[in-house]
Amino acid sequence: MGGEIRLAEMIDVSEKGLTEREALAYGKVVLGRKVYTALVEGKLPKGDPREVARVAGILGAKKVPDLIPFCHPIILDHVSVEFKLIPSEFAIEIRALAKARERTGVEMEALTAVAISALTIYDMCKGVDKGIVIKDIYLLSKRGGKSGEYRREG
């Protein structure tokens with residue numbers, strides 16, 4: 001083994017040009033029957049978590065450089081968070097879209113928006129059942145920049 005240890009560092013993007021960038025991320029919160037029923041019947045003690053989670057996700061995307069050490073601060077042009085109820089799984093799907101005209105991508109912003117939205121849903125529902133599961137957070141697609149376009153298969 002041996003060898004030198006490479007120190008972690010922020011990538012230099014100063015020579016890169018500004019390009020349109022977009023990333024779409026996905027996640028799922030499995031509430032379980034009891035919490036899901038309370039949600040659709042409007043009976044959760046803290047209210048419907050979706051609008052609070054939407055705002056929290058957008059705020060989370062804006063805070064990425066404060067949370068993840070080597071992410072560059074970027075000016076986001078747009079962040080949206082959408083939810084879809086999945087009755088057959090007693091779950092909520094989350095999709096977050098981030099857009100910017102920048103030197104570096106917005107994947108981390110979209111992924112963080114999903115994660116913070118999911119955590120907010122958990123926080124607002126945990127009084128009913130702490131067995132809620134946050135899962136399957138991943139990048140669906142991205143475009144822009146040197147690496148071009150990416151679309152998750154499946």
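Everything that follows concerns the structure shown earlier in this document.
Residues numbered from 1 in each chain as written. Predicted model: local features only at pLDDT ≥ 70, side-chain atom pairs only at ≥ 80, totals over all residues. Heavy atoms only, no water.

**A few points about the nonpolar core**
Residues V29, L31, F83, I94, I121 and C125 are the most contacted members of the largest nonpolar core, which totals 29 residues. Among the elements of the structure, β1 (19-30), α1 (33-40), α2 (49-62), β2 (78-86), β3 (91-102) and α4 (107-125) are those that each provide at least two residues to this core. Of the residues forming this core, the biggest block, six residues, is contributed by α4. Setting aside chain neighbours within four positions, we find V29 in contact with F90, A91, I92, I94, A118, I121, I132, V133 and I134. (Core = buried A, V, L, I, M, F, W, Y, C linked by side-chain atoms within 4.5 Å. Buried < 20%, exposed > 50% of the residue type's maximum accessible area, 1.4 Å probe, protein only. Helix = DSSP H or I, 4+ residues; strand = E, 2+ residues; numbered from the N terminus. Contact = heavy atoms within 4.5 Å.)

**Here we look at the layout of surface pockets**
By volume, the largest pocket is sized at about 280 Å³. Residue lining of the largest pocket: 17 residues in total, with K16, H72, T104, G105 and E107 positioned closest to the centre. A class-by-class count of the residues in the lining of the largest pocket yields six nonpolar, five polar and six charged. (1 Å grid on protein atoms, 1.4 Å probe; cavity = no way out; pocket = protein on both sides within 12 Å on 5 of 7 lines; lining within 4 Å. Points joined across faces, edges and corners; volume = space filled by probe spheres on them. Nonpolar A, V, L, I, M, F, W, Y, C, P; charged D, E, K, R; others polar.)

**Thoughts on the pairing of β3**
The buried fraction of β3 is high, at nine of twelve residues. Here β2 folds back onto β3, and the loop between the two strands holds four residues, one of which, F90, carries a positive phi near 50°. (Pairing = 2+ DSSP bridges.)

**Details of the side chain of E109**
For E109, the position within the fold is in helix α4. One buried charged residue, E109, forms no salt bridge at all, with the nearest opposite charge on R21 at 9.8 Å. (Lys, Arg positive; Asp, Glu negative; His and termini not counted. Salt bridge = Lys/Arg side-chain N within 4 Å of Asp/Glu carboxyl O.)

**Things to note about α4**
Taking 1.5 Å as the rise per residue, α4 with 19 residues should run 27 Å; its terminal C-alpha atoms sit 27 Å apart, in good agreement. Among the residues of α4, E109, A110, T112, A113, V114, S117, A118, T120, I121, M124 and C125 are the ones counted as buried. (Expected span 1.5 Å × (residues − 1).)

**Considerations on the environment of A91**
Summarising the element assignment, A91 is placed in strand β3. Considering only alpha carbons, one finds A91 and G27, 64 residues apart in sequence, at a separation of 10 Å. With near-sequence residues (within four places) excluded, A91 lies in contact with K28, V29, V30, L31, Y36, K84, L85 and I86.

**A word on the packing of aromatic side chains**
Applying the stated criterion across every chain, the model contains two aromatic pairs. Residues Y36 and F90 carry aromatic rings whose centres are separated by 5.8 Å and whose planes lie at 70° to one another, so their mutual orientation is edge-to-face. One end of the pair, Y36, is in helix α1; the other, F90, is in the loop between β2 and β3, with 54 residues separating them in the sequence. The exposure class assigned to F90 is partly exposed, which follows from its relative accessible area of 22%. (Phe/Tyr/Trp six-rings, centres within 6.5 Å; stacked < 30°, edge-to-face > 60°.)

**Topic: the pattern of salt bridges**
Counted according to the given criterion, the structure contains twelve salt bridges. When the shortest N-O distance is used, the salt bridge between E51 and R54 registers 2.7 Å. Taken together, the residues E51 and R54, both in helix α2 and three residues apart, mark about one turn of the helix.

**Regarding the environment of E149**
The residue E149 is located in the loop between β4 (133-143) and β5 (150-151) in this model. Note on E149: relative accessible area 54%, which makes it exposed. For the pair E149 and R21, spaced 128 residues apart in the sequence, the C-alpha separation amounts to 9.7 Å. Aside from chain neighbours lying at most four places away, what touches E149 is K142 and R143. Among the polar contacts listed, one links the side chain of E149 to the side chain of R151, at a separation of 3.5 Å. (Polar contact = N/O pair within 3.5 Å; in protein donor to acceptor, adjacent residues only side chain to side chain.)

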